[in-house]
Amino acid sequence: MRYLHSVGPLERFVASGSYGDDEQWSIHQHPDGSFFYRVDSERHGAVALMEAWQSPEGRVERVEIVMFNAPEFKRGKLSYSVIEDQLEAGYQIGHDSRHQFDEMALPDGAVLALDCWLFMGLTVNALIVVTPPPLLAGEPVFRAQTVEPQGAAEISVNSRPVPTHAYTVNGVTRLWVDAFGVPVKVNDVTISRYARQG
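Conventions we followed
Residues numbered from 1 in each chain as written. Predicted model: local features only at pLDDT ≥ 70, side-chain atom pairs only at ≥ 80, totals over all residues. Heavy atoms only, no water. Pairing = 2+ DSSP bridges. Helix = DSSP H or I, 4+ residues; strand = E, 2+ residues; numbered from the N terminus. 1 Å grid on protein atoms, 1.4 Å probe; cavity = no way out; pocket = protein on both sides within 12 Å on 5 of 7 lines; lining within 4 Å. Points joined across faces, edges and corners; volume = space filled by probe spheres on them. Nonpolar A, V, L, I, M, F, W, Y, C, P; charged D, E, K, R; others polar. Axes fitted to C-alpha atoms, helices over the stretch in contact; angles between N-to-C directions. Buried < 20%, exposed > 50% of the residue type's maximum accessible area, 1.4 Å probe, protein only. Polar contact = N/O pair within 3.5 Å; in protein donor to acceptor, adjacent residues only side chain to side chain. Contact = heavy atoms within 4.5 Å. Salt bridge = Lys/Arg side-chain N within 4 Å of Asp/Glu carboxyl O.

A sheet is described by the order of its strands in space; here five strands give the open sequence E12-E13-E14-E15-E16, paired in antiparallel fashion. Each edge of the open sheet is held by one strand with a lone partner, namely strand E12 (147–157) and strand E16 (189–190). In this structure, E12 lies alongside strand E13 (residues 160–169), joined through ten bridges in antiparallel fashion. The partner of Val147 across the bridge, within E13, is Val169.

Here it is, written out as structure tokens:
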């Protein structure tokens, strides 16, 4: 798995896994109770290395993405920070371009997230999900969602039954989320190499 920042000596392993060949991820906890997410995603030849910091209270307040080999550019970088009810965004596309910054208000109920399968479980109760645009530059994507709970279900992961709660998101995506907020199945894709401390 590739990452932007290596695991620090004080970080405690929480969980890791992958979704097919497209997405690998890990979660670590800091001594102050905050969580750090690392995601390595590769789709259609473009690589996105993503990281997110979640406060001890459960709010994602910072994300960083570096993307390589996208059709429009060789390298792009983006960072978002949430300060109270404001979103500060910075991005740079290409080695020679300037780092651009924007600031905007977050609507009530909005949750900052990474655009990946792992975060679908973490945002399943959010009214509005805020993610970076597909090619990093420009306005963030504000996506309203409707979620219909479908009850409890057991999903087999690594030949073991895992208790989950099932959801339908926006009438299209089927999602099975375990007690830790991790999607163990998204539509027809079941998590693999799922490891968790404790």
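Alright, that's what it looks like, and here's the rest.
Let us look at the layout of surface pockets. Quantified by volume, the largest pocket comes out at close to 330 Å³. As for the largest pocket, its lining consists of 15 residues, and the residues nearest its centre are Arg43, Ala48, Met67, Asp115 and Pro134. Counting residues per element, the ones that place at least two in the lining of the largest pocket are strand E3 (35–43), strand E4 (46–54) and strand E5 (60–70). If you tally residues by element for the lining of the largest pocket, the top one is E4, at three residues. Split into classes, the residues belonging to the lining of the largest pocket amount to eleven nonpolar, two polar and two charged.

This brings us to the sheet that holds strand E6 (residues 73–83). As summarised here, the arrangement of the nine strands in space is E8-E7-E6-E5-E4-E3-E2-E1-E17, forming an open sheet in which the pairing is antiparallel. Two strands lie at the open edges of the sheet, namely strand E8 (100–105) and strand E17 (192–196), each paired on one side alone. Between one strand and the next, the sheet's axes are offset by a mean angle of 10 degrees, whatever the strand orientation. Bridge count for E5 against E6 is eight bridges, and the pairing is antiparallel. Residue pairing across strands places Ile65 opposite Leu78, the latter belonging to E6.

Mapping Thr168 onto the fold places it in strand E13. Looking at Thr168, the relative accessible area reads 11%, which means it is buried. Polar side-chain contacts of Thr168 include one of 3.3 Å to the side chain of Gln150. Apart from the residues lying within four places of it in its own chain, the contact partners of Thr168 are Thr146, Val147, Glu148, Gln150, Thr173 and Arg174.

Right, let's talk about the pattern of salt bridges for a bit. Once the charged atoms of two side chains with opposite charge are near each other, the side chains can pair. Applying the stated criterion across every chain yields a total of five salt bridges. Its salt-bridge partner being Glu11, residue Arg38 comes within 3.0 Å of it at the nearest N-O pair. With a gap of 27 residues between them, Arg38 in strand E3 and Glu11 in the segment before strand E1 (12–19) connect regions that are remote in the sequence. Across the pair, Glu11 and Arg38 agree in class, each one buried. In this structure, Lys77 and Glu64 form a salt bridge, with 3.9 Å as the shortest nitrogen-oxygen distance. A residue pair is termed long-range when its members are at least 10 positions apart, and Lys77 in strand E6 and Glu64 in strand E5 qualify at 13 residues.

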